[in-house]
Amino acid sequence: MLEAILQVSPLAIHLMDLDGTVRLWNPAAERLFGWSREDVLDHRAPWATDARWEKFRRHLEQATQGVEPPCLELELHRRDGTPLHVELWTAPMPPSTTGPAQCLGMLVDVTERRRGEAHRRLLSEASEVLGSSLEQDATLEHLVRLAVPGCADSCRVFLEDAPGEVRCVVSAGLDAREPLDAGTPLVPDEAAVSRIIASGEPALHDAEPPSWLGVPLAWPGRKGAALVFSRTGRTFDARDMALARELARRASLALDHARQYHEARQAIRLREEFLAIASHELKSPISALQLQVQNLRTALERTPDTVPRERLHRGLDLVGRQAKRQAKLIDALLDVSRIHAGRLELNPEPVDLGALVREVAERFEPEMAGAGTHLTLTLPLEAHGHWDRLRLDQVLTNLMSNAMKYGRGNPVQVALSNTEAHVRLDVRDAGIGIAPEHLPRLFHRFERAVSSRDYSGVGLGLWIVREVVEAMGGHVTVSSELGVGSTFTVVLPRARG
């Protein structure tokens, strides 16, 4: 009966002499350690290295004396070298007159329990550490350092610059400085990392050590990224994969918070710049109006009957231009409020876009003549559609005004073309052009591609153009070359679907 119990017991059981010689080794011990009964009987226990055996002897003595519980946790290893955490329950055997003193040991495998505890500690620390920084680079640095050495020998973050092109931006641990193409088996090759990013699915190399696993890492504003772990000892498994994915998820949240913080700071900076520029832009026409009115009043008070008619006309023209400038700025500010609140109302009606272009061009004739700018119109016989006339007038006014302002007196061309479904408007100047780095944000609110000291404006015109055009179902784009000029293109459907 006792032999049967030893054979079927789920606990690893061994009987040892006090020098570590194994006298009993049940099947559960074979499964736990990997050494067979024949391998260990009458030999010293394979885990009984000098340091571990001394620790075990001291524990046995103290447990026998009742100084500490009979349970001891040890970090051992299996026959294949993989680490093994066990709880070892020991008890001295009754003294025998015919043989050496012996002790009975029962071992419980707690490797997975300790591993789970370590994973939970790592994730808890990750939540705290990753959330402590609001900068992307610092967050990525924290991420790779968290993983080493707790769950990997090395950890890297890769970013994708173009499909199939990846680069390591931060790393920690063993061989952290090795380039990706160095042939080291610790990391996947560039193609494998690209596949992880493209598929959005994790990958695991677990055939044999060294082993690696990679998981996609994505956050708003950066889709192409991957987190890669590598290890030279035990291969990664499904539980490691689950940890890696959860770590990537928490890192993504932290990176998104960093992005939001950066965008909030950027928005605050842009708002402050806008308020400063808007205050100046609002104040300038008021100051000019006040000065002109004061001059005219002084002249009339001194010689009410002899003020030259031409002087009165010049003064009134200046007053009119400054009032128009201020009204335009106020309208732009009101549009910002309406668009932001989602209250940009459209009143579609049949519109001849060619006729509207001529009308707006006529309004610009005096200003363009004064600036020495020649305006060329290329208009088809028919360019009708169903649009909001006043809003289209606003779009044309903004685009022509910009072409004249930044055109440096060079010719401005406005061309219309159409298909059965769409009408296309091109406004082209031969002015200062726009640097490539400014093009992606040109249609954003409060953004400017030039210095406010050199050119007036508050950075709202093109943003309003984009919002109006998109509200009518169209789109606006720009192509430009620095020092050569710019072309703004608006495409509108003839009727909303």
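Residues numbered from 1 in each chain as written. Predicted model: local features only at pLDDT ≥ 70, side-chain atom pairs only at ≥ 80, totals over all residues. Heavy atoms only, no water.

1. Comments concerning helix 5 (residues 111-130)
And step 1. Compared with an ideal rise of 1.5 Å per residue, which puts 20 residues at 28 Å, helix 5 spans 27 Å between its outermost C-alpha atoms and is within 8% of the ideal.
And step 2. Three or more residues of helix 5 are buried, namely T111, R114, R115, G116, H119, L122, L123, A126 and L130. (Helix = DSSP H or I, 4+ residues; strand = E, 2+ residues; numbered from the N terminus. Expected span 1.5 Å × (residues − 1). Buried < 20%, exposed > 50% of the residue type's maximum accessible area, 1.4 Å probe, protein only.)

2. Quick notes on the sheet that holds strand 14 (residues 412-418)
And step 1. Ordered by their spatial adjacency, 5 strands build an open sheet running 12-14-15-17-16, and the pairing between neighbours is mixed. Only two strands of the sheet have a single neighbouring strand rather than two, namely strand 12 (375-378) and strand 16 (475-481). Taken over all neighbouring pairs, the strand axes of this sheet differ in orientation by 15° on average, direction set aside.
And step 2. In terms of strand pairing, strand 12 meets strand 14 through 4 bridges, oriented parallel. Counted as the bridge partner of L377 is V414 from strand 14.
And step 3. On the sheet, helix 11 (residues 389-406) packs against strand 14, strand 15 (422-429) and strand 17 (485-493) and is oriented at approximately 25° with respect to strand 15. (Pairing = 2+ DSSP bridges. Axes fitted to C-alpha atoms, helices over the stretch in contact; angles between N-to-C directions. Contact = heavy atoms within 4.5 Å.)

3. Digging into the side chain of D426
And step 1. Relative to the helices and strands, D426 resides in strand 15.
And step 2. Residue class for D426 comes out buried when judged on its relative accessible area of 9%.
And step 3. Polar contacts involving the side chain of D426 include one to the side chain of R424, which spans 2.9 Å.
And step 4. Those residues in contact with D426 that sit more than four places away from it in its chain are Q413, V414, A415, T487, F488 and T489. (Polar contact = N/O pair within 3.5 Å; in protein donor to acceptor, adjacent residues only side chain to side chain.)

4. Focus on the pattern of salt bridges
And step 1. Inspection of the entire model under this criterion finds 25 salt bridges.
And step 2. A salt bridge links D161 to R167, with the shortest nitrogen-to-oxygen separation between them at 2.7 Å.
And step 3. A relative accessible area of 46% places D161 in the partly exposed class.
And step 4. Of the residues examined, R167 reaches a relative accessible area of 39% and is grouped as partly exposed. (Salt bridge = Lys/Arg side-chain N within 4 Å of Asp/Glu carboxyl O.)

5. With respect to the nonpolar core
And step 1. Counting residues in hydrophobic clusters, the biggest one holds 40 residues, and the most contacted among them are L353, L399 and L425.
And step 2. The set of elements that each furnish at least two residues to this core consists of helix 10 (353-371), helix 11, strand 14, strand 15, helix 12 (461-471), strand 16 and strand 17.
And step 3. Discounting residues that sit within four places of it in the chain, L353 has contacts with A383, W387, L392, L396, L416 and V423.
And step 4. Core analysis: the next-biggest nonpolar cluster, separate from the first, contains 32 residues, C155, L217, L227 and F236 among them. (Core = buried A, V, L, I, M, F, W, Y, C linked by side-chain atoms within 4.5 Å.)

6. Things to note about the confidence of the model for the chain
Detailed reading of the predicted coordinates is not advisable wherever pLDDT is low.
And step 1. For the chain, mean pLDDT is 81; residues scoring 70 or higher make up 83% of the total.
And step 2. Predicted confidence for residues 176-184 stays below pLDDT 50, and this span has 12 contacts to residues more than four positions away or in other chains.
And step 3. Scored below 50 in pLDDT, residues 449-457 shows 20 contacts in the model against residues more than four places distant or in partner chains. (pLDDT = per-residue confidence, 0-100.)

7. Structural notes on the environment of D393
And step 1. Within the secondary structure layout, D393 lies in helix 11.
And step 2. Judged by relative accessible area, D393 falls into the buried class, the value being 14%.
And step 3. Put simply, D393 and V357 are 36 residues apart on the chain and 8.1 Å apart in space, counted from C-alpha to C-alpha.
And step 4. Excluding its chain neighbours within four sequence positions, the residues that come into contact with D393 are L356, E359, V360 and R363.
And step 5. Looking at D393, its side chain comes within polar contact range of the side chain of R363, at 2.7 Å.

8. Considering a nonpolar patch on the surface
And step 1. Residues L11, W89 and M106 make up a contiguous nonpolar surface patch of roughly 240 Å² in combined accessible area.
And step 2. Relative to the assigned elements, L11 resides in the loop between helix 1 (2-8) and strand 1 (12-17). (Patch = residues over 30% accessible without salt bridge, like charges linked within 9 Å, V, L, I, M, F, W, Y side chains within 5 Å. Areas by Shrake-Rupley, 256 points an atom, 1.4 Å probe, with all protein chains shown as cover.)

9. Points about unusual backbone geometry
And step 1. The amide bond that connects V148 to the next residue, P149, takes the cis arrangement and shows omega of 0°.
And step 2. Tracing the sequence through the fold places P149 in the loop between helix 6 (136-147) and strand 6 (154-162).
And step 3. Positive phi outside glycine occurs at D42, with the angle close to 65°.
And step 4. Here D42 shows up in the loop between helix 3 (37-40) and helix 4 (50-64).
And step 5. Of the residues examined, D42 reaches a relative accessible area of 55% and is grouped as exposed.
And step 6. One non-glycine residue, R408, lies in positive phi territory at about 60°.
And step 7. By the secondary structure assignment, R408 is in the loop between helix 11 and strand 14.

10. Some thoughts on the packing of aromatic side chains
Centre-to-centre distance and the angle between the planes together describe a pair of aromatic rings.
And step 1. Taken as a whole and assessed by the stated rule, the structure comprises 2 aromatic pairs.
And step 2. Each ring, one from W25 and one from F33, has its centre 5.4 Å from the other, and the planes form 35°; the classification is tilted. Accessibility classification places W25 together with F33 in one group, the buried group.
And step 3. Considering the side-chain rings of F443 and F488, the 6.1 Å spacing of their centres and the 85° angle between planes classify their relative orientation as edge-to-face. Of this pair, F443 sits in the loop between strand 15 and helix 12 while F488 sits in strand 17, and the two are 45 residues apart along the sequence.
And step 4. The exposure class of F443 is buried, given its relative accessible area of 10%. (Phe/Tyr/Trp six-rings, centres within 6.5 Å; stacked < 30°, edge-to-face > 60°.)

11. A closer look at the environment of R234
And step 1. In this fold, R234 is placed in the loop between strand 10 (225-231) and helix 8 (238-302).
And step 2. Along the sequence, R234 and T82 sit 152 residues apart, while their C-alpha atoms lie 6.1 Å from each other.
And step 3. R234 has contacts with R115 and D240, leaving out every residue within four places of it along the chain.

12. What about the pairing of strand 10?
And step 1. Counting buried residues in strand 10 gives 7 out of 7 residues, a clear majority hidden from the surface.
And step 2. Of the pairings in the sheet, the one linking strand 6 to strand 10 comprises 6 bridges and is antiparallel in character. Within strand 10, the position partnered with S154 by the bridge is S230.
And step 3. Note that strand 9 (residues 211-216) and strand 10 share 6 bridges and pair antiparallel. Directly across from S211, in strand 10, lies its bridge partner R231.

13. Digging into helix 7 (residues 190-199)
And step 1. When we look at burial in helix 7, the residues that qualify are A192, V193, S194, I196 and I197.
And step 2. Tucked inside the fold, the buried residues of helix 7 contact strand 6, strand 7 (165-173), strand 8 (203-205), strand 9 and strand 10.
And step 3. A positive backbone phi angle near 70° is found at G200, which sits one or two residues after helix 7.

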